[in-house]
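The lines below spell out each chain.
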Amino acid sequence: MRPRDRELLLLLLAAVLAVVSYVAVYSGVFREISRWSLVYAGIFVVIFALLHLLMRFRLAEADPYLLPVAALLTAIGLAEIYRISPSLALLQGRWLVAGAVVFVLTVLLIRDPVKLDRYRYIIGALGLLLLAVTIVFGTEINGAKLWIRFAGFGFQPAEFAKICIVIFLAGYLNDKKELLSVPTGRLFGMPVPRVRYFGPLLVMWALSILLLILLRDFGASLLLLTIFIALIYMATSRLVYALVGMTLFGIGAFLAYELVPHVQDRFAIWLDPWATADTTGYQLLQSLFTMADGGVLGQGLGRGYLLFPDGRPVVPDLQTDFIFSAVANELGMLGAIGMILCYLLFCWRGFHIAIWAPDGFSKLLAAGLSAAFALQTFIIIGGVTRLIPLTGITLPFVSYGGSSLLANLMLLALLLMVSHRSNVVLRGTAAERFRLAEGG
Amino acid sequence: MNKAIVRTFMALAVLFAALMVNVVYIQVIRAGALRDKPQNRARILQEARVERGRILAFDGSVIAGSRKRDGYWQRTYPQGRFAPQTVGYSSLRYGQSGIEASMDDYLTGQAVDLGLRSWLDRLLDRDPEGADVRLTLVPAVQKAARQALGSQTGAIVALDPVTGAVMAVASTPDYDPAQLVDRFAQLSKRESAPLLDRALQGLYPPGSSFKVLTAGAALQTGVATPETVFEDTGTYRVSGGKVTNYGDEVFGVNTLTEALTYSINTTFGKLGNELRRQRLIAYMERFGFWDRPPLELPQSMVRISGRFDDDALLPPGAPMDPLAVAWAAVGQEQVLATPLQMALVAAAVANGGRIMQPYLVDRVITAQGGEVRVTKPVVWKEALDARHAVQLNEMMQQVVDVGTGTAAALSGIDVAGKTGTAERGDANQAWFIGFASAEAPRVAVAVTIEDTPGTGGAVAAPLAAAVMRAALDEDALP
């Protein structure tokens, strides 16, 4: 079966699941089935059908699994948001349309992802600018400065900064990888590069600490530093970078703990939420209770007890950071594990693309984007399940939030473009290869 | 490069595996324990969709009813401040307590013994109907107890010594249960602790009311008879310390009966050392100390009485010197008891030495009118044999007839009792325990008042009289 046919088949499956979940939520909440639930499902199906058509014309050779997995996660997210607040779901529906436009524009305007390498310094600077904008204009929500308000919309530049920084690092590290990986000394019998080659690592480390102190956002800086450690390791194959990076991370975490009270609070809640069950520990505990109430099979979509009589969710931020708990409640352990497997599948396909990519930049770009995606998922799911201290970031494709959805659809488009290009270079026709070489 | 990429993916896959293991841990292995935590709002929310069964008084009048608002059920309290701490609350924000917590499965129709209908409801995913819980609290007695306490800080327990049915549990200061949710934060911080159920959770030095227990032990072990003669010089010196009488009175030659009647500390101090530590403690255990009275309430809401070091219960075998034994025998030293425990001491004498298991829940009535879980009286402790209980009964009648407890007397009825005045700093902990009538007891009470300048005979005994009168005037008792 050709990749696009395979994709269509899987998308149809995702569409069926989407329709079923909207109808289930609607009947669960309103105790009736109406055409509105089908209208929502309809919009969703049309959007992904259009994206699939674009894939057929522009990215025919791309990986067939990524788009259906993204579609499935988006469908579950929309259903769950709709279940928590129908008005937010309407907004998220609009964001999905905007995200689809971003996807299309990314594919049509960038055409060849390898060209991004040429603009890496501009893109890197753009990433820093986005973070700077957040620092200057950011409004504080839940103790962290993540949002900027613009024309009535909340916007999280960090989500896009993440992609920009991955692109920059992929280009930069690909360029310098030989230099960085030449061992010139030995430490405990391990080949170690010269001290000055640790410069980039130290710069990134300092940047993430700075971010933490200025934004008070543990999640974003943790994500940034771990992405960098993963990328420098993959670029150089030198484990010493990973080890030094981890040590630096440890020092950074300690500094953060000492300097930022917000981080101390988060840590205390993680260690013992029961001590502050009515105040700061409330959110995390209710998240655990919500999951426990789901059990193995779940309460059923739209049938869990997630809202107070006045419509407030029992777990604050249920529709954003804590949406995984809502899914685990209504779809149970099976649904929660299924969702984690979806993320693992997405991540696996991303790394698969990286392994088969013909050039270093493509490899690092695909692997970096996939690692960023996986780490973000791990940080937030680990946070709401009390595996690690909680830091507020969104669950890709599922959480409510425009910036997150837009950024992740852009990330998806980039991965698919790398995949398409690799497959064309590896086994495409001469004409296609020529077109690629001509730059579109 | 590919090798490093594969390794990175492996590392990430390990992280994802950890996520999955953790999900299984939360949703399967720890799920049951988490679900039952009182802080779990979702479960209480789930229950607010169910019409909670009513909590009824013994006469069938409603203590806590249900009213629907915005699709969720809410509690109403037609009788206002009716034993609010014991009845408890079930709140979305503050969890559950009291009968509302312990009888939750019945009130929400989830208990297994509610019959076929409840199973059908669950099978068809219908909201089950809650069952009514009828308590043993008698409105006339409960209201008399609450009224007697007035604005003083204290507690009263009244129970039927023959069955163990609790007829009244009053604890002041209390609160209006209808306003609990709005004022919870404020109430829980207040120094006077209105949320505390002093009748069942309050631990106080029992003072001379404890002499009933010491006298019972002395009679049954043969250490003394009611006529055994002692000599009081106002001071009993023992192992480097001394026991003195309240108000430094000197009584001279006295019998055991007189010692109880006038509450002579030196005689009971000597009696304690004639019994010795081991037997005194053994009799405390026979009267229910070091055991939690098995009321139908969450464990934390009924406290164990015994000897305490600060807030920690000492084991029965903890060492004591003769001075400690002497003071313990007059209910001071490190002995602390709840009002419920002291009411059970009185009930033991009233019921021929046998303590019936105290209970609060009379029966559960299903939505279809069926009766399940009807409580039958059972014996809890064998404290004394009947002969010695009768002797002690007669001695306690003397207390009310001519002794320190005359304020507890009722016209035309013989009352048996014992006063107590434990000194706590500058103020007293005043007590009265007793029962009526002495020949055919229908009610046993314990009254205690915190931080009062008065004595048990002056402050507590009249309240006991009012409560016993209310109980004896009532035709239908549990």
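The structure reproduced in this document is the subject of the present report. Throughout, a residue's number is its position along its own chain's written sequence, starting from 1. Chain letters and ligand numbers both follow the written order, the letters beginning at A and the numbers at 1. Only residues with pLDDT of at least 70 get local features here, since the model is predicted, and only at 80 or more are side-chain atom pairs given and counted; chain-wide, interface and lining totals rely on the full set of residues. Calculation of side-chain values draws on the structure's entire complement of heavy atoms; hydrogens and water are dropped beforehand.

Brief notes about the overall build of chain A
Helix numbers and strand numbers start at the N terminus; a helix is a DSSP run of H or I with at least 4 residues, a strand a run of E with at least 2. The helix and strand inventory of chain A stands at 15 helices and 5 strands. Exposure categories follow from relative accessible area, calculated using a 1.4 Å probe and restricted to protein chains: below 20% of the type maximum is buried, above 50% is exposed, and the middle band is partly exposed. Every one of the 440 residues in chain A was classed for burial, and the buried ones make up 60%. For this analysis, residues touch if any pair of their heavy atoms sits within 4.5 Å. The long-range fraction of contacts in chain A, counting pairs at least 24 apart against all pairs at least 6 apart in sequence, stands at 73%. Summed over its atoms, the accessible surface of chain A is roughly 17,500 Å², and 70% of this surface lies on carbon and sulfur atoms. Note on areas: Shrake-Rupley with a 1.4 Å probe; residue coverage comes only from the protein chains shown.

Thoughts on the overall build of chain B
Scanning chain B from terminus to terminus reveals 17 helices and 22 strands. Buried positions account for 58% of the 478 residues belonging to chain B. Taking all contacts inside chain B whose residues are at least 6 apart in sequence as the whole, residues at least 24 apart take part in 67%. Carbon and sulfur atoms provide 50% of the accessible area of chain B, an area that totals close to 18,500 Å².

Observations regarding the sheet that holds strand S14 (residues 312–313) of chain B
Backbone-to-backbone hydrogen bonds join strands into a sheet, with any given pair of strands oriented parallel or antiparallel. Residues and elements named next belong to chain B. Any two strands with at least two DSSP-identified bridges between them are counted as paired. Across the sheet, which stays open at both edges, the 3 strands sit in the order S14-S13-S15 with antiparallel pairing between neighbours. Unpaired on one side and paired on the other, S14 and strand S15 (335–336) mark the two borders of the sheet. Where strand S13 (residues 306–309) meets S15, 2 bridges bridge the pair, whose relative direction is antiparallel. Across the sheet, the residue bridging to Gly 306 is Leu 336, located in S15.

A word on the nonpolar core
Grouped together as the largest cluster of nonpolar side chains are 156 residues, with contacts concentrated most on Leu 173, Phe 324, Phe 346 and Leu 412 of chain A. If you tally residues by element for this core, the top one is helix H12 (residues 323–356) of chain A, at 18 residues. For Leu 412 of chain A, the residues in contact, after removing those within four places along its chain, are Leu 66, Leu 67, Ala 70, Phe 103, Phe 346 and Phe 397 of chain A. Among the nonpolar cores identified, the runner-up in size contains 90 residues, and Leu 219, Ala 383, Phe 435 and Ala 446 of chain B belong to it. Here the nonpolar core consists of buried residues drawn from Ala, Val, Leu, Ile, Met, Phe, Trp, Tyr and Cys, with membership extended through side-chain atoms lying within 4.5 Å.

Section: the packing of helix H11 (residues 282–294) of chain A against helix H1 (residues 2–29) of chain B
Note on geometry: axes are C-alpha line fits, over the in-contact stretch for helices, and angles between N-to-C directions span 0 to 180 degrees. Where H11 of chain A meets H1 of chain B, the axes come as close as 7 Å, and the angle between the chain directions of the two elements is 70°. As summarised for this structure, H11 of chain A and H1 of chain B are arranged roughly perpendicular, according to the angle between their axes. Here H11 of chain A contributes Leu 288, Met 291, Ala 292 and Gly 294 of chain A to the contact with H1 of chain B, which in turn contributes Val 23, Ile 26 and Gln 27 of chain B. Looking at the contact of H11 of chain A with H1 of chain B residue by residue, the classes come out as 5 nonpolar, 2 polar and no charged. Under this scheme an angle from 65 to 115 degrees is roughly perpendicular, one under 35 degrees roughly parallel, and one over 145 degrees roughly antiparallel; angles in between are oblique. Side-chain classes are defined by residue name, with Ala, Val, Leu, Ile, Met, Phe, Trp, Tyr, Cys and Pro counting as nonpolar, Asp, Glu, Lys and Arg as charged, and the others, Gly among them, as polar.

Digging into the packing of aromatic side chains
Any Phe, Tyr or Trp ring, taking Trp's six-membered ring, that has another such ring centre within 6.5 Å forms a pair; planes under 30 degrees apart are called stacked, those over 60 apart edge-to-face, and the others tilted. In the structure shown here, the tally under the stated rule is 14 aromatic pairs over all chains. Three or more aromatic residues joined by ring pairs form one cluster here, namely Tyr 343, Phe 346, Phe 373 and Phe 397 of chain A. In our convention, an over-ring charge means Lys NZ or Arg CZ found within 6 Å of a ring centre and within 35 degrees of that ring's normal. The ring of Trp 380 of chain B carries Lys 381 of chain B above its face, with NZ or CZ at 4.9 Å from the centroid.

Remarks on the interface of chain B and chain A
Facing the 36 residues of chain B at the interface are 56 residues of chain A. Taken as a group, Met 1, Phe 16 and Gln 27 of chain B account for 17% of the area that chain B buries against chain A, more than any other trio of residues on that side. Salt bridges are defined as contacts in which a side-chain nitrogen from Lys or Arg sits within 4 Å of a carboxyl oxygen from Asp or Glu. Inspection of the region where chain B meets chain A yields 0 salt bridges. Between N or O atoms, a polar contact is any pair within 3.5 Å; within protein, one atom must be a potential hydrogen donor and the other a potential acceptor, and residues adjacent in sequence are included only when both atoms are from side chains. There are 8 residue pairs in polar contact (both at pLDDT 80 or more) connecting chain B and chain A. Going through the elements one at a time, H1, helix H2 (31–35) and helix H3 (41–48) of chain B are the ones with two or more residues in the side of chain B that touches chain A. When two components associate, each loses some accessible surface as probed by a 1.4 Å sphere; the sum of these losses over both components is called the buried area.

Re H11 of chain A
Side chains three or four residues apart in an α-helix point the same way, a direct result of the helix having 3.6 residues per turn. Working rule for helices: expected span equals 1.5 Å times residues minus one. The terminal C-alpha atoms of H11 of chain A, which comprises 13 residues, lie 18 Å apart, in line with the 18 Å expected from a rise of 1.5 Å per residue. A positive phi of about 65° marks Gly 295 of chain A, the residue just after H11 of chain A.

Considering the sheet that holds strand S7 (residues 154–159) of chain B
All names here are of chain B. Overall, antiparallel pairing links the 5 strands, which are arranged S8-S7-S22-S21-S20 in an open sheet. Lying at the two open borders of the sheet, with one neighbouring strand each, are strand S8 (166–172) and strand S20 (415–424). The mean angle between the axes of side-by-side strands here comes to 5°, regardless of whether they run parallel or antiparallel. Where S7 meets strand S22 (residues 443–452), 6 bridges bridge the pair, whose relative direction is antiparallel. Paired with Ile 156 across the two strands is Val 447, which belongs to S22. Packing of helix H17 (residues 456–473) onto the sheet brings it into contact with S7, S8, S20, strand S21 (427–436) and S22, and relative to S21 it is tilted by some 30°.

Let's talk about H1 of chain B
Given a rise of 1.5 Å per residue, 28 residues ought to cover 40 Å, and the 39 Å separating the end C-alpha atoms of H1 of chain B matches this to within 8%. Turning to H1 of chain B, its buried residues are Ala 4, Ile 5, Thr 8, Phe 9, Leu 12, Phe 16, Leu 19, Met 20, Asn 22, Val 23, Ile 26 and Gln 27 of chain B. Residues of H1 of chain B that are buried sit in contact with helix H8 (218–236), H11, H12 and helix H13 (360–384) of chain A together with H2 of chain B.

Some thoughts on unusual backbone geometry
At the junction of Thr 172 of chain B and Pro 173 of chain B, the peptide bond is cis and its omega measures out at 0° in the coordinates. Topologically, Pro 173 of chain B is positioned in the loop between S8 and helix H9 (180–189). A positive phi angle, near 65°, is found at Asp 317 of chain A, a position not held by glycine. Inspection of the secondary structure assignment puts Asp 317 of chain A in the loop between H11 and H12. Of note in the backbone geometry, Ser 263 of chain B takes a positive phi value of approximately 60° without being a glycine. Mapping Ser 263 of chain B onto the fold places it in the loop between helix H12 (256–261) and helix H13 (265–286).

Some words on the packing of helix H7 (residues 199–215) of chain A against helix H9 (residues 239–259) of chain A
All names here are of chain A. Running from amino to carboxyl end, H7 crosses H9 at an angle of 25°, the nearest separation of the two axes being 10 Å. The angle between H7 and H9 places the two elements in the roughly parallel class. Seen along the crossing, H7 lies across H9 with a hand that is right-handed. Of the residues in H9, those in contact with Leu 201, Leu 202, Trp 205, Ile 209, Leu 212 and Ile 213 of H7 are Tyr 241, Val 244, Gly 245, Leu 248, Phe 249, Ile 251, Gly 252, Leu 255, Ala 256 and Leu 259. Of the residues belonging to the contact of H7 with H9, the class tally is 14 nonpolar, 2 polar and no charged. In a left-handed crossing the near helix is turned counterclockwise from the far helix by less than a right angle, and in a right-handed crossing that turn is clockwise.

Remarks on the environment of Val 325 of chain B
Residue and element names in this part refer to chain B. Residue placement: Val 325 occurs in helix H14 (residues 322–329). In this structure Val 325 comes out as buried when scored by relative accessible area, which is 2%. When the C-alpha positions of Val 325 and Gly 272 are compared, they lie 6.0 Å apart, and in sequence the two are 53 residues distant. Other than its neighbours up to four places away in sequence, Val 325 contacts Gly 272, Asn 273, Arg 276, Arg 277, Leu 280 and Met 320.

Some words on the pattern of salt bridges
If you walk through the whole model with that rule in mind, you get 26 salt bridges over all chains. Here Asp 63 of chain A and Arg 349 of chain A are joined by a salt bridge, their closest N and O atoms 2.6 Å apart. Note that Asp 63 of chain A is positioned in the loop between helix H2 (35–58) and helix H3 (66–84) and Arg 349 of chain A in helix H12, a separation of 286 residues in sequence. In this structure Asp 63 of chain A comes out as buried when scored by relative accessible area, which is 4%. Two residues, Arg 198 of chain B and Glu 450 of chain B, come together in a salt bridge whose shortest N-O distance is 2.9 Å.

By themselves these figures say nothing about function.
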